[in-house]
Amino acid sequence: MTRATTLDHLARLDWLESRLKTDAPLIAADLARELGVSLRTIGRDIAILRERGVPVDGERGRGGGLHLTSTWGIGRLHLDFREAVDLLVSLAIAEHARSPLLLADLAPVRRKLVASFAPPMRRRIASLRARILIAGPASSHVLATFRRPPARLVERLHEAFLLCRPATITYLDGEGRSTQRTIEPHFLLLNAPVWYVLAFDLSRQAIRTFRVDRISAIERTETTFRPRPYAEFRTALEGADIIFP
């Protein structure tokens, strides 16, 4: 078999697997016509997918066809680093909120996700939930100027927060002045829907509070910092327009 033919075969297997992940059952004869191959070739391809661990079921008669078992996908979710970080932060928020609407115990989910990281990273994220604070809903004054921050910016902030790495941000203050700061993001505080970063401002050598939606750019550094205790940030919160329950 030539390399080109091999690549074509692999592409066909990937295409078949993606089609099988749709809800509607697929008819083998229809797949053969669509791909321009024989019914026997489709049968061989399905056998190869089964050998790979893809659980393909087949049913005869009207309404039948090829499809994946209903449990396909459980335990097979692959996340990149940014997605895993965002999911960890979201789980920590959900656990911290203790909403009566969240009936499931999220701790096992978090432990499984944490276990997918290398040991040094596991130690860093062990105290993640304690570094996320939940306040009340934002005031009407704050909501009047709130703008949802870009997803890419939030991803980078989550990385810096989780990895305990300083970040250089471009920040627009309440007076409309733009400044560049290098901060250590120690805590995230939700005053729904507004997020704040409780940080040590390396540029000012002081503790400061920053609204995430006023950060227009962020770049994390490769150095690390040791998380500071929450007690050091209480005074900074007293001057912020944040509502606590």
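In the block above lies the structure referred to throughout.
Model, not experiment: these values are computed from the prediction.

Caption draft 1: Just the overall build of the chain, in detail. Helices and strands together make up the secondary structure of the chain, namely nine helices and eight strands. Per-residue burial for the chain yields a buried fraction of 37% across its 245 residues. When contacts within the chain are restricted to residue pairs at least 6 apart in sequence, those whose partners lie at least 24 apart make up 64%.

Caption draft 2: Up close: the pattern of salt bridges. Under the defined criterion, the tally for this structure stands at eleven salt bridges. We note a salt bridge from Arg152 to Glu155, for which the minimum N-O separation is 3.7 Å. Placement of the pair is Arg152 and Glu155 together in helix 8 (residues 151-163), with a separation of three residues, close to one helical turn. According to the relative accessible area criterion, Arg152 is partly exposed, its value standing at 40%. Glu219 is the salt-bridge partner of Arg156, the closest N and O atoms lying 2.9 Å from each other. Of the two residues, Arg156 is situated in helix 8 and Glu219 in strand 8 (residues 215-220); the sequence distance between them amounts to 63 residues. Among the residues examined, Glu219 registers a relative accessible area of 48% and is labelled partly exposed. The structure contains a network of salt bridges with shared partners spanning Glu159, Arg165, Arg220 and Glu222.

Caption draft 3: How the structure looks around helix 8. In a regular helix each residue adds 1.5 Å, so 13 residues correspond to 18 Å; helix 8 covers 18 Å between its end C-alpha atoms and thus fits that length. For helix 8, the full list of buried residues reads Leu153, Leu157, His158, Glu159, Ala160, Phe161, Leu162 and Leu163. Where helix 8 ends, the next residue or the one after it, Cys164, has phi of about 55 degrees, a positive value.

Caption draft 4: Focus on the nonpolar core. Counting 29 residues, the largest nonpolar core has Leu88, Leu128, Ile132, Ile169, Val197 and Ile218 as the members making the most contacts within it. Within the residue set of this core, elements represented by two or more residues are helix 4 (81-97), helix 5 (107-115), helix 8, strand 4 (167-172), strand 5 (178-191), strand 6 (194-201) and strand 8. Beyond its immediate chain neighbours, meaning those up to four positions away, Ile218 contacts Leu153, Arg156, Leu157, Ala167, Thr168 and Ile169. The next biggest cluster of nonpolar side chains, apart from the first, holds 13 residues, and it includes Leu13, Ala32, Ile42 and Leu49.

Caption draft 5: Spotlight on the packing of aromatic side chains. If you walk through the whole model with that rule in mind, you get three aromatic pairs. Note on Phe187 and Tyr230: the rings are 5.7 Å apart at their centroids and 70 degrees apart in plane angle, and the pair reads as edge-to-face. Of the two residues, Phe187 sits in strand 5 while Tyr230 sits in the loop between strand 8 and helix 9 (234-238), which places them 43 residues apart along the sequence. Judged by its relative accessible area of 5%, Phe187 is buried. Chaining the aromatic ring pairs together yields one cluster made of Phe187, Tyr230 and Phe233. Positioned above the aromatic ring of Phe161 is the side chain of Arg131, whose terminal nitrogen or guanidinium carbon lies 4.1 Å from the ring centre. Above the plane of the ring of Phe200 lies Arg228, whose end atom (NZ or CZ) is 4.0 Å from the centre.

Cut-offs and rules
- Residues numbered from 1 in each chain as written.
- Predicted model: local features only at pLDDT ≥ 70, side-chain atom pairs only at ≥ 80, totals over all residues.
- Heavy atoms only, no water.
- Helix = DSSP H or I, 4+ residues; strand = E, 2+ residues; numbered from the N terminus.
- Buried < 20%, exposed > 50% of the residue type's maximum accessible area, 1.4 Å probe, protein only.
- Contact = heavy atoms within 4.5 Å.
- Salt bridge = Lys/Arg side-chain N within 4 Å of Asp/Glu carboxyl O.
- Expected span 1.5 Å × (residues − 1).
- Core = buried A, V, L, I, M, F, W, Y, C linked by side-chain atoms within 4.5 Å.
- Phe/Tyr/Trp six-rings, centres within 6.5 Å; stacked < 30°, edge-to-face > 60°.
- Lys NZ or Arg CZ within 6 Å of the ring centre and 35° of its normal.

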